[in-house]
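Chain by chain, the residues:
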Amino acid sequence: MAYNVLMIADPGIDDSFAIMFALLNPKINLVGIVSGYGNTPKEQSIKNTAYLLYLGNRQDIPIIAGTAGPLSGEPILYYPEIHGKEGLGPLKPPDILKNVNVYDINKIIEIVKQYKGNLVIVSVGRLTELALMFILYGNNALKDVTAFFIMGGAFLVPGNITAEAEANFYVDPIAANTVMEKAHNIYLYPLNITNKAIITPEIINYLDENSSTPFKPLLKPAFDYYYKAYQKNVPGIKGAPLHDVVPLMALTNPELVKYVPRRVRVEEFGNSKGKSIADFRPKPDKERPESIDYIGMEADIQKFIVNFMEIFLQGECHKV
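Overview of the structure. Predicted model only: the values in this text are computed from it and were never measured.

Quick notes on the rules
Residues numbered from 1 in each chain as written. Predicted model: local features only at pLDDT ≥ 70, side-chain atom pairs only at ≥ 80, totals over all residues. Heavy atoms only, no water. Salt bridge = Lys/Arg side-chain N within 4 Å of Asp/Glu carboxyl O. Axes fitted to C-alpha atoms, helices over the stretch in contact; angles between N-to-C directions. Helix = DSSP H or I, 4+ residues; strand = E, 2+ residues; numbered from the N terminus. Parallel < 35°, antiparallel > 145°, perpendicular 65-115°, else oblique. Left-handed = near helix turned anticlockwise from the far one by under 90°. Contact = heavy atoms within 4.5 Å. Nonpolar A, V, L, I, M, F, W, Y, C, P; charged D, E, K, R; others polar. Buried < 20%, exposed > 50% of the residue type's maximum accessible area, 1.4 Å probe, protein only. Polar contact = N/O pair within 3.5 Å; in protein donor to acceptor, adjacent residues only side chain to side chain.

1. Comments concerning the pattern of salt bridges
- Across all of its chains, the model carries 13 salt bridges by this definition.
- When the shortest N-O distance is used, the salt bridge between D279 and R281 registers 2.7 Å.
- Each member of the salt-bridge network shares a partner with another, and the members are E181, R263, R265 and E287.

Structure representation (structure tokens):
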């Protein structure tokens, strides 16, 4: 039985690997992709998503236009040195948007209703779109979603944008805090584990030589660009972490990650903007059961690598 998944992404190289992973995985039925600002501007993000669906011959999957910026209205910094000017490293996706139907953000509510009680939202980008659902439609807007699998945060470890903050939480901390407080059944994948989800050039070279995936033209050039950026930022690193694949793999392999149940909040302003907050004392303050989130703090990285290779050795995109 495949999981119905609505993804929120901003491709971006590691987001692109996550989308490819979802399309190739027979345990995932991808029912929509929300593409907004993040690693690239919103328009480029939509274009990259359309290109990935085109390569995978899955143009039946709806693309939903996300937001153009954070709730604070602050200017956005992009990171072309990590993801490339167009988001796919050195690659420039062809302009195929002319024939692509892009839905507005209300489509999220339609999909939630369509798959009522049997839908997982996997968010690997900024959390603006999810927060907007609660702002536009009220606190019960997403009550029919089964679970939320979110890549974001950093607990008791360094951030990747500031000393304390991870990118998805930092860029729109108001949205991140809104989602952590209002969504339910949240499984969170912070830098604590995603930084360890490292894929090496040797693995990518093996896939480049042996995989018949339709995404083969992307794998090596996009990964090599991403890896070079990580070598500059983390001297001595042996590969590049594919942060955004982790929540999808944790969904389809529940034994992959060990969780700590805690209420999570996000600092919205000031010098600690975007900081993830949870009470890790042996006896934390008592919280309402519905406010508890599940923080991934340990992951079986060997299993991650094996499953990553298994999925990318698939010949074609799975269709439920």
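Right, picking up where we left off after that structure.
2. Focus: the packing of helix α5 (residues 128-137) against helix α7 (residues 173-182)
- At their nearest, the axes of α5 and α7 sit 8 Å apart, and the two run at 60° to each other. Taken together, the axis directions place α5 and α7 in an arrangement best described as oblique. Relative to α7, the crossing made by α5 is left-handed. In this structure, α5 contributes T128, L130, A131 and F134 to the contact, and α7 contributes A175, T178, V179 and K182.
- Among the residues forming the contact of α5 with α7, the class breakdown is five nonpolar, two polar and one charged.

3. Points about the side chain of H243
- Turning to its location among the elements, H243 is positioned in the loop between β9 (240-241) and α11 (245-252).
- What makes H243 buried here is its relative accessible area of 4%.
- Looking at H243, its side chain comes within polar contact range of the side chain of Y230, at 2.8 Å.

4. A word on the packing of helix α9 (residues 201-210) against helix α12 (residues 301-312)
- Between α9 and α12, the least distance of the axes is 10 Å, while the angle of their chain directions is 20°. Looking at the two axes, α9 sits roughly parallel to α12. α9 and α12 meet at a crossing whose hand is right-handed. On α12, the residues touching I203, I204, Y206 and L207 of α9 are I305, F308, M309 and F312.
- Split into classes, the residues belonging to the contact of α9 with α12 amount to eight nonpolar, no polar and no charged.

5. With respect to unusual backbone geometry
- Here P11 and G12 are connected by a cis peptide whose omega angle stands at 5°.
- Positionally, G12 belongs in the loop between β1 (3-9) and α1 (13-24).
- Even without a glycine there, the phi angle at N57 is positive, about 55°.
- As for its placement among the helices and strands, N57 is situated in the loop between α2 (42-55) and β3 (63-65).
- Not every positive phi belongs to a glycine, and N185 is a case in point at roughly 50°.
- Among the structural elements, N185 can be located in the loop between α7 and β7 (186-189).
- Taking relative accessible area as the criterion, N185 reaches 27% and is therefore assigned partly exposed.

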